[in-house]
Structures are given as structure tokens and as C-alpha cells.
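So the chains spell out like this:
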Amino acid sequence: MKPHPALRRLPALLLLLGVLPAVARPAAEPAIGQLQGDGPRSPLVGEQVTVTATVSADFREGLGGIFVQDAGDGDPRTSDGLFVQPVEGFAFPDNLGVGTQCRFHGRVVELDGRGGDSLTTLQVDRVDRCRAGTPVRAQAVQALPGDWEALEGMTVRIEAPLTVTGTDALQRFGELAVSFDGRQWQPSERARAGSAEHAALAAANARTRLLLDDASRQRDPEQVAYLGGGDVPRTGSVVRGAEGIVDPRHGWRLQLTGTPSIEVAARPAPPQVPGNVRVAAFNLENLFNGDGQGGGFPTPRGAKTPQALDAQLAKLVATIQGLDPDVAALMELENDGYGPDSGLARLVQVLNADGAQWRFVDAGRGPGTDTIRVGLIYRGDRLVARGKPAVLEGGPFGERSRVPLAQAFRRKDGGKDDFVVVANHLKSKGCSEAEGADADRKDGQGCWNALRLDSAQRLHTWLQSAPLGKGRERVAILGDFNAYAMEDPVRWLREEGGWTDALKAAAVAAPGSEPPYSYVYQGLSGRLDHALLSPALVPHLRGATEWHVNADEPDDAGYAGRNVPGPWRSSDHDPLLLGFDL
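> Could you clarify how one ought to interpret the overall build of the protein in this entry?
Along the protein, the regular secondary structure elements total twelve helices and 28 strands. Once the C-alpha set of the protein is aligned to its principal axes, its extents read approximately 125 × 45 × 45 Å. Looking at the protein as a whole, 53% of its 582 residues qualify as buried. For the protein, the proportion of contacts with a sequence separation of at least 24, taken over those separated by at least 6, is 70%. For the protein, the accessible area works out to roughly 25500 Å², and carbon and sulfur atoms hold 50% of it. Looking at the protein, you have 62 positive and 74 negative side-chain charges, and the mean spots of the two groups are 3 Å apart.

Rendered as C-alpha cells:
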């Protein structure tokens, strides 16, 4: 006998009224791809699920969990890998190793990183039915992926060559910045700051950038495991066969599971430029010599011991000797006078140890009152200093931009015309005390851009007034502008002041040459150091280049680290070298 239709509807009615309890219907286990979804966050966040998958990487010691992967859901838009983390109080089985297949029971969460990125994670409280499985095979990546999200948590092998773009985070965090598209450039080196082109370059950098990571949260690791005991590679080196797990946190990265092949970029020979006068510029990165008599250490900046000072001086001297200039504009000298115990006098003394005839320009005081200053040194057997030096004080020059120093010179062996070298060092981009127009405008130029622009304009006006006397129109402004080529201060001097970028002019004369750069910061290359020529000096230019002994070198090659013999990492800026016929 069939029940009355009203009785068949009674359980549903009673359930709706809350009289009967809900009975969960068993559901099929989802594939990891269903759990991941095709967006940045899982569609199952907060739900309890069970997945069957194979352990692809064991990062319990480094990242506090494991990665697993299944056979896939057939959808190329979804990832087949997943991070698995135990809940507090639960421990993974002892026999859980790479290649083991298990059922994992837990709740889906998103582990957030900086900038809104997150890693889809299964926080498990039970693992069962473990058995030996087939090891996960890495998916080959032949070129830059169109969507990293579809590979999140998966094992991949990058077959495309990756260019090392920066090493500054390697020894601190075990991270090596690489790119699918060669060296990465500061957007404001190539495009006007704040422009649409600037934004497009920044977006392209972000898209082609990848971090190689050591699968560890350890700070300052004694050794980065995936380097295989080798030294930190130079920027510009090429990495091949990088294999690991794709992780989106804090920027897309590969948590490496092996040692890739690294083709280390060659160190360059000393530069050669044509011409009968060679002019250099070099930021020394804080040359401080204590009290000048072996005491006064640690110094406020630079070397912390007399032995470290000796090592620093050896590197600086090797760099200057390799450049072999007739005159050099120097930045970041200790501002401690010109006496025999001054840092400048000590540098010249060491330079002359082999019988050379280096001299320094004595401005009488300063220049300026800042902790550091600029300086000029020259070869007394090659050049004659003509007249007194001149300095520009007041306004932004003092505690902000360093006071510029200008000196006229003439060739000693029959020169008939004077030329002027100006050592210049504008305010840095750091934001301490910056406010108003000097605050970061978020246009790529950092803080103190308004002050640097004002400094550049005042410098131009001063030089137009012929501070060293009439008839000295052949002028080179050299030094650290703390501004990239397309930022306001340098661009104004070119476009409004009529100064010529010597490095660009030399590049035009040598088509196919590598774009100039003198500084690498957070994986981006560009020029903070410039050589700008007056119209009267431009026809005499025969060549200009940087010597990449510093910007591409890892920090630990310097005197405070491994102290690699020679000029390598003598500073954080590359020196410039120009050749003139005068």
C-alpha cells in the first residue's frame, strides 16, 4: 500500500520546522583543482574536506608544512598542488615523506602574505591510508607563465633561462631575484616618473620577476642550501633548471627543492676610453678613518676597526688604480678637514705608496657641514690645478644635498685650455624628516625629490655665473645625484639646463652597447651616478663608461664580508670613467 502523498512530504516539512535533525550526505572527495578554484582564493574556504594526494615536498622544518599534488582535475586553469599544514597539537605520521600518498582531512584556509597574496592551505587534523606512491613529476615551464595562479603549490621545473637581477635579499632571507626577460630596469631610468610608460615598465617588471627561495623562514642563514656551497652569483648571472614549488606569498616565488645550474656572469676588465684626459667619478661608500692615528673606532659610518679600514682602502685603491684617471670626483668622504689625519689625506697617501703623484684639492674647510662630503683628487704629474676651488653653500646645500666642489684643471704636458670638474652629491631618497613637497609622491622618485630638483637648478645657475672665472666653459658635473636618468633633477639639467648626458652620448656613438647603469636596488638596475657636460665640453668627449665592479657584486664580496681580493664590491656604486681630447 502506497503512503498518502502528504505523508511522503512530512519529513521535509518537519526538517524545515526544525523538528528533525539534518543528516549530512556523504560527498565525493574533491580534486585539489576544485579546492583551488580558478581564482586567487579557494571557493571552499572554511569548509572541511578530504583530499587524496602525494607528498611533493617536505618543508616541515622550513615552512611548517608539506606540499601535496594529485593527478589533476583536467582543468588547466586550476592548480593541482596544495600546501598542507597541521593544526596545533597534531603531528604528521612519521612515515610521511616525499612520494607518500595519503588521505588528508582538514579545513581549507588562505595563508595571507603581503599585498593581498595568499597561499591556499589545508589545515589538517587527521591523515590516514598512507602508502608508497609514485613521486610527483615536475611540470616543465618553457617560458613565462601567463597565469602563475594555475601553478600555485605545484612542482615545476623552469626550462627557460632566468637572469639574476638582484642579490640583496639572498643572505638575509635566502631569496634570489631573477627574471624571465633579462636585467630589470628602474622604470624612472627609462621613462618619465609618474607617466603611463613608467607604470607599464613597473608592471612588466612585476610580471616577469620571480624569486628563488630556500623554503625556509630562517633569517640570515649561514648557508643558502640551493647554492650548493658556491658563492653568491653576480647580478647578470643565468640560472637554468630551477625546480621547486610555486608559492605566491610575498611575491611569486619558487621554493627550491634542488640545486639549479648557475652560469656566473664574468667580472669585467678595467675599462678603456680614448682621449688624452681621463676623468672619473666614484662614490666611496663612507670612507671614515677614525682619528687618523689608528684610534676612533668604530667610526659613525664605514669601517668599524683599523683592520677593516685597511681592507676598505685596499679595495678603493685597486678601483682607482684600475680606472687610471687623471682626475676623480669622489663622494662619501668623511668630512674631517684636510690635515694629515683626514680621511682624504689617508686615501691619497695610500694611492701614492707605489710612487704615484696624487694630490687633493683643498677647499680650506668642508665643503659643507654634513657628516660626509665630496672631494677631488688628481695626478700632479699629469694635470695642473688652475686657480682656487669654488663651493656652493646655502639653500639645500649643507645638511641635505652635499656642498658641490668645483676646480679648474689643465693638462701639464702642453695643454692650452682649462676644463672644470664639479663633484656633486645630492640628497638621498630616504624619507626621514621628509614632508610637504619632499614627501614621497608615489611617482617612483622617492622622498626629497623637490629638494634634489631645487639643488640641481641652483647648481646650474651657479655654474652659469662662472664661479671659477670667465673663459672656463668646458665643465663636467660628476657624481651621485640620487636620481635616475628620467627623474626631475637630471631631466631638468638636460632638457632645461642644456647639459649633455655623457654616458648616453657615448652609447649613441657605440650602437649595440649595453645600456648604462651604476646601481642595483631591490633587483632593479639604473643610474644614480651621472656625468653631465656643458655644450663647450661635448665636442671633446671621446668615450664614457662605467666599471661594473660594485653594483653587480653581492654584498659579502666587500671588505666587511668575504673580502674578495681586488676592486670587487669596493662600494655599492659603480665608478664612471670619461675620456676627452683636450
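Additional details are given in the paragraphs that follow.
> I would appreciate a short explanation of the sheet that holds strand 17 (residues 358–360) in the present structure.
The strands that make up a sheet pair up through hydrogen bonds in the backbone, lying either parallel or antiparallel. Read across the open sheet, the six strands follow the order 17-18-16-15-28-27; overall the sheet is mixed. If you trace the sheet from one side to the other, it starts and ends with strand 17 and strand 27 (541–546), each paired once. Each strand axis lies, on average, 20 degrees off the axis of its neighbour in the sheet, ignoring direction. Bridge analysis of strand 15 (residues 277–287) against strand 16 (residues 327–334) gives six bridges, and the strand direction is parallel. In the strand pairing of strand 16, Phe282 is matched with Leu330. Strand contacts of helix 8 (residues 306–323): strand 15, strand 17, strand 18 (372–379) and strand 28 (576–580), with the helix running at about 165 degrees to strand 15, the strand carrying the most contacts. Packed onto the sheet, helix 9 (residues 343–351) meets strand 15, strand 16, strand 17 and strand 18 and runs at close to 170 degrees relative to strand 17.

> What is the right way to look at the side chain of Asp128 in this model?
Tracing the backbone through its elements, the reader meets Asp128 in strand 5 (residues 118–132). Note on Asp128: relative accessible area 18%, which makes it buried. Within the local environment of Asp128, its side chain forms a polar contact with the side chain of His105, the two groups lying 3.1 Å apart. A polar side-chain atom of Asp128 sits 2.8 Å from a polar atom in the side chain of Arg126. The contacts of Asp128, once residues within four sequence positions are left out, are Cys102, Arg103 and His105.

> How do you make sense of the pattern of salt bridges when you look at a structure like this?
For side chains of opposite charge, pairing can occur when their charged atoms come near one another. Applying the stated criterion across every chain, the model contains 41 salt bridges. Of the charged contacts in the structure, one is a salt bridge between Asp112 and Arg41, with a shortest N-O distance of 3.2 Å. Of this pair, Asp112 sits in strand 4 (residues 100–112) while Arg41 sits in the loop between helix 3 (32–36) and strand 1 (48–59); the two residues are 71 residues apart in sequence, bridging distant segments of the chain. You can call Asp112 exposed: its relative accessible area is 52%. For Arg234, the salt bridge is made with Asp552, and the minimal N-O distance between the two is 3.6 Å. One end of the pair, Arg234, is in the loop between strand 10 (209–213) and strand 11 (238–240); the other, Asp552, is in the loop between strand 27 and strand 28, and 318 residues separate them in sequence. By the burial criterion, Arg234 is buried, and Asp552 matches it. Here the residues in one salt-bridge network are Arg183, Arg234, Arg267, Asp552 and Glu553, joined through shared partners.

> Please explain the sheet that holds strand 3 (residues 81–86) as it appears in this structure.
Ordered in space as 1-2-3-5-4, the five strands form a closed barrel in which the pairing is mixed. Neighbour to neighbour, the strand axes of the sheet diverge by 55 degrees on average, direction disregarded. Looking at chain direction, strand 1 and strand 2 (residues 65–69) are connected through five bridges and run antiparallel. Bridging from a neighbouring strand, Phe59 pairs with Gly65 of strand 2.

> Can you walk me through the packing of helix 10 (residues 449–464) against helix 11 (residues 488–495) in this structure?
How two helices sit against one another is set out by the angle between their axes and by the gap between those axes. Relative to each other, helix 10 and helix 11 sit at 30 degrees, their axes nearing to 8 Å. Comparing the axis directions of helix 10 and helix 11 gives the class roughly parallel. Like other packed secondary-structure pairs, helix 10 and helix 11 cross with a definite hand, here right-handed. Contacts between helix 10 and helix 11 involve Asn449, Arg452, Leu453, Ala456, Gln457 and His460 on the former and, on the latter, Asp488, Pro489, Trp492 and Leu493. Residue composition of the contact of helix 10 with helix 11, by class: five nonpolar, three polar and two charged.

> Please clarify how the packing of aromatic side chains should be interpreted in this entry.
The description of two aromatic rings rests on the distance between their centres and on the angle between their planes. In total, this model carries ten aromatic pairs according to the counting rule given. Plain terms: the ring middles of Phe59 and Phe67 are 6.0 Å apart, the flat faces sit at 75 degrees to each other, and that makes the pair edge-to-face. Summarising the burial analysis for this pair, Phe59 and Phe67 share the class buried. Aromatic rings pair up to connect Phe59, Phe67 and Phe83 into one cluster. Note that Arg249 overlies the ring of Phe83, its terminal NZ or CZ placed 5.6 Å from the centroid. The ring of Tyr338 carries the charged tip of Arg373 above its face, separated from the ring centre by 4.4 Å.

> Please clarify how the state of the cysteines should be interpreted in this entry.
In a disulfide, the sulfur atoms of two cysteines are covalently bonded to one another. Evaluated as defined, the whole model comprises two disulfides. With a sulfur-sulfur separation of 2.1 Å, Cys102 is cross-linked through a disulfide to Cys130. The sign of the S-S torsion, about 120 degrees, decides the handedness of the disulfide formed by Cys102 and Cys130: right-handed. With Cys102 in strand 4 and Cys130 in strand 5, this residue pair connects regions lying 28 residues apart in the sequence. Residue Cys102 is classed as buried on the basis of its relative accessible area, which comes to 1%. Bridging Cys431 to Cys447, the disulfide has an S-S length of 2.0 Å. When the S-S torsion is 90 degrees, as for the bridge of Cys431 with Cys447, the disulfide is right-handed. Of the two residues, Cys431 sits in the loop between strand 21 (419–425) and helix 10 while Cys447 sits in the loop between strand 21 and helix 10, which places them 16 residues apart along the sequence. In the protein, numbering the disulfide-bonded cysteines from first to last in sequence yields the connectivity 1-2, 3-4.

> Looking at this structure, I do not really get helix 8. What am I missing?
An α-helical turn contains 3.6 residues, so any two residues separated by three or four positions project in the same direction. With 18 residues, helix 8 extends 26 Å between its outermost C-alpha atoms, agreeing within 8% with the 26 Å of an ideal straight helix rising 1.5 Å per residue. Ala308, Leu309, Ala311, Gln312, Leu313, Lys315, Leu316, Val317, Thr319, Ile320, Gly322 and Leu323 are the residues of helix 8 that are buried. Remark: Asp324 follows helix 8 within two positions and exhibits a positive phi of approximately 50 degrees.

Analysis parameters
Residues numbered from 1 in each chain as written. Predicted model: local features only at pLDDT ≥ 70, side-chain atom pairs only at ≥ 80, totals over all residues. Heavy atoms only, no water. Helix = DSSP H or I, 4+ residues; strand = E, 2+ residues; numbered from the N terminus. Buried < 20%, exposed > 50% of the residue type's maximum accessible area, 1.4 Å probe, protein only. Contact = heavy atoms within 4.5 Å. Areas by Shrake-Rupley, 256 points an atom, 1.4 Å probe, with all protein chains shown as cover. Lys, Arg positive; Asp, Glu negative; His and termini not counted. Charge placed at Lys NZ, Arg CZ, Asp CG, Glu CD. Pairing = 2+ DSSP bridges. Axes fitted to C-alpha atoms, helices over the stretch in contact; angles between N-to-C directions. Polar contact = N/O pair within 3.5 Å; in protein donor to acceptor, adjacent residues only side chain to side chain. Salt bridge = Lys/Arg side-chain N within 4 Å of Asp/Glu carboxyl O. Parallel < 35°, antiparallel > 145°, perpendicular 65-115°, else oblique. Left-handed = near helix turned anticlockwise from the far one by under 90°. Nonpolar A, V, L, I, M, F, W, Y, C, P; charged D, E, K, R; others polar. Phe/Tyr/Trp six-rings, centres within 6.5 Å; stacked < 30°, edge-to-face > 60°. Lys NZ or Arg CZ within 6 Å of the ring centre and 35° of its normal. Disulfide = S-S within 2.5 Å. Expected span 1.5 Å × (residues − 1).

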